[in-house]
Amino acid sequence: MTVHDESRIRVDLAAAFRIVARLGLHEAVANHFSAAVSPDGRWFLLNPKWRHFSRIRASDLVLLDAEDEDARHRADIDPTAWAIHGQIHRLLPQVRVAMHLHPIHATTIACLADPTIRPIEQNTARYFNRVATDTLYGGMADTGAEGARLAGLLGNRSRLMMGNHGVLVTAPTVGEAFDDIYTLERACQILVSAYATGQPLKVLNDDVAEKTARDWEGIRDFSIAHFEEMKRILDREDPSYAD
């Protein structure tokens, strides 16, 4: 991967932080995104410890080696960020981008005894049989062993509903990861609202849900276009993310 490629990924990742902050999906100065910049996935970018998403610039992102165990002791690295993202990029080289958040509605669903995103309309159907689940929350994910456990739970899926915790999505590009985590939160918002009515849910049958999920998978350009449009808004209102 060239210097130009790393620069482009830096700008996209910084944009994602700013957009997520604008949407209120972040939590204080916690949560973290990463993006691989080497072909083998070993070298990756990560947000610095306790920097608010709304202030992150491309040049702020820290370049790390997933094989460097000493990185977890750096003053500018959150141990939980290193534990999760370091292990993902070490063990899953096919993952190019990983985003971990605690958005309100997705976390609400993650706190249910059954955290399944049930397919009741198009957004929720996007996740039909496509989300791995962690039901063994044991506190802060701040060890390599815990990060490896979470990476192992992903299996052949790109999303992990982290029980009693939050959510993790992975994707080939920053734009696809952003759109996925945006839509996952929207899906959970719809599901929480439907549960709140107290009325029985009208769940889509498996065939319709599966067809809808596959249709989503066929419109990768939709996800990329969504992100590019959000970047254009940033470019007009606050282009400092690209610095």
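As annotated in an unreviewed UniProt entry, the chain carries the name Class II aldolase/adducin N-terminal domain-containing protein and is attributed to Gluconacetobacter azotocaptans. Looking at the chain in UniProt, the text filed under Sequence similarities (unreviewed entry) is "Belongs to the aldolase class II family."

J.: Any chance you could explain unusual backbone geometry here in plain terms?
T.: Residues apart from glycine generally show negative phi values, whereas peptide bonds are mostly found in trans. Unlike most non-glycine residues, Ala28 shows phi in positive territory, near 50°. With a relative accessible area of 54%, Ala28 lands in the exposed category. Of note in the backbone geometry, Trp50 takes a positive phi value of approximately 55° without being a glycine. Locating Trp50 in the fold gives a position in the loop between β2 (43-46) and β3 (62-65).

J.: Help me understand the UniProt feature "domain: Class II aldolase/adducin N-terminal" (unreviewed entry) in the chain, please; the structure alone is not making it clear to me.
T.: UniProt records the feature "domain: Class II aldolase/adducin N-terminal" (unreviewed entry) for residues 11-192 in the present numbering. Between the C-alpha atoms that bound residues 11-192 the distance is 34 Å, and the span itself is 37% helix and 17% strand.

J.: Just to check I follow, could you spell out a negative patch on the surface for this structure?
T.: Together, Asp40, Glu67, Asp68, Glu69 and Asp70 line one region of the surface with negative charge. Within the secondary structure, Glu67 is located in the loop between β3 and α2 (79-91).

J.: Help me understand the packing of aromatic side chains, please; the structure alone is not making it clear to me.
T.: Aromatic rings in a pair are described by how distant their centres are and how their planes are angled relative to each other. Tallying each qualifying case throughout the model produces seven aromatic pairs. When the ring of Phe17 is compared with that of Phe53, the centres are 4.7 Å apart and the planes differ by 75°; the resulting orientation is edge-to-face. Here Phe17 is found in helix α1 (residues 3-23), whereas its partner Phe53 is found in the loop between β2 and β3, with 36 residues between them in sequence. Across this residue pair, the class does not change: Phe17 and Phe53 are buried. A centroid spacing of 5.8 Å and a plane angle of 45° characterise the contact between Phe178 and Phe227, whose relative ring orientation is tilted. Pair noted here: Phe178 is in helix α6 (residues 174-196) and Phe227 is in helix α8 (residues 220-237), with a separation of 49 residues, a long-range link. Relative accessible area serves as the criterion here: at 1%, Phe227 is assigned to the buried category.

Scoring rules and cut-offs
Residues numbered from 1 in each chain as written. Predicted model: local features only at pLDDT ≥ 70, side-chain atom pairs only at ≥ 80, totals over all residues. Heavy atoms only, no water. UniProt positions renumbered as here; feature names shortened; annotations may be inferred. Buried < 20%, exposed > 50% of the residue type's maximum accessible area, 1.4 Å probe, protein only. Helix = DSSP H or I, 4+ residues; strand = E, 2+ residues; numbered from the N terminus. Patch = residues over 30% accessible without salt bridge, like charges linked within 9 Å, V, L, I, M, F, W, Y side chains within 5 Å. Areas by Shrake-Rupley, 256 points an atom, 1.4 Å probe, with all protein chains shown as cover. Salt bridge = Lys/Arg side-chain N within 4 Å of Asp/Glu carboxyl O. Lys, Arg positive; Asp, Glu negative; His and termini not counted. Charge placed at Lys NZ, Arg CZ, Asp CG, Glu CD. Phe/Tyr/Trp six-rings, centres within 6.5 Å; stacked < 30°, edge-to-face > 60°.

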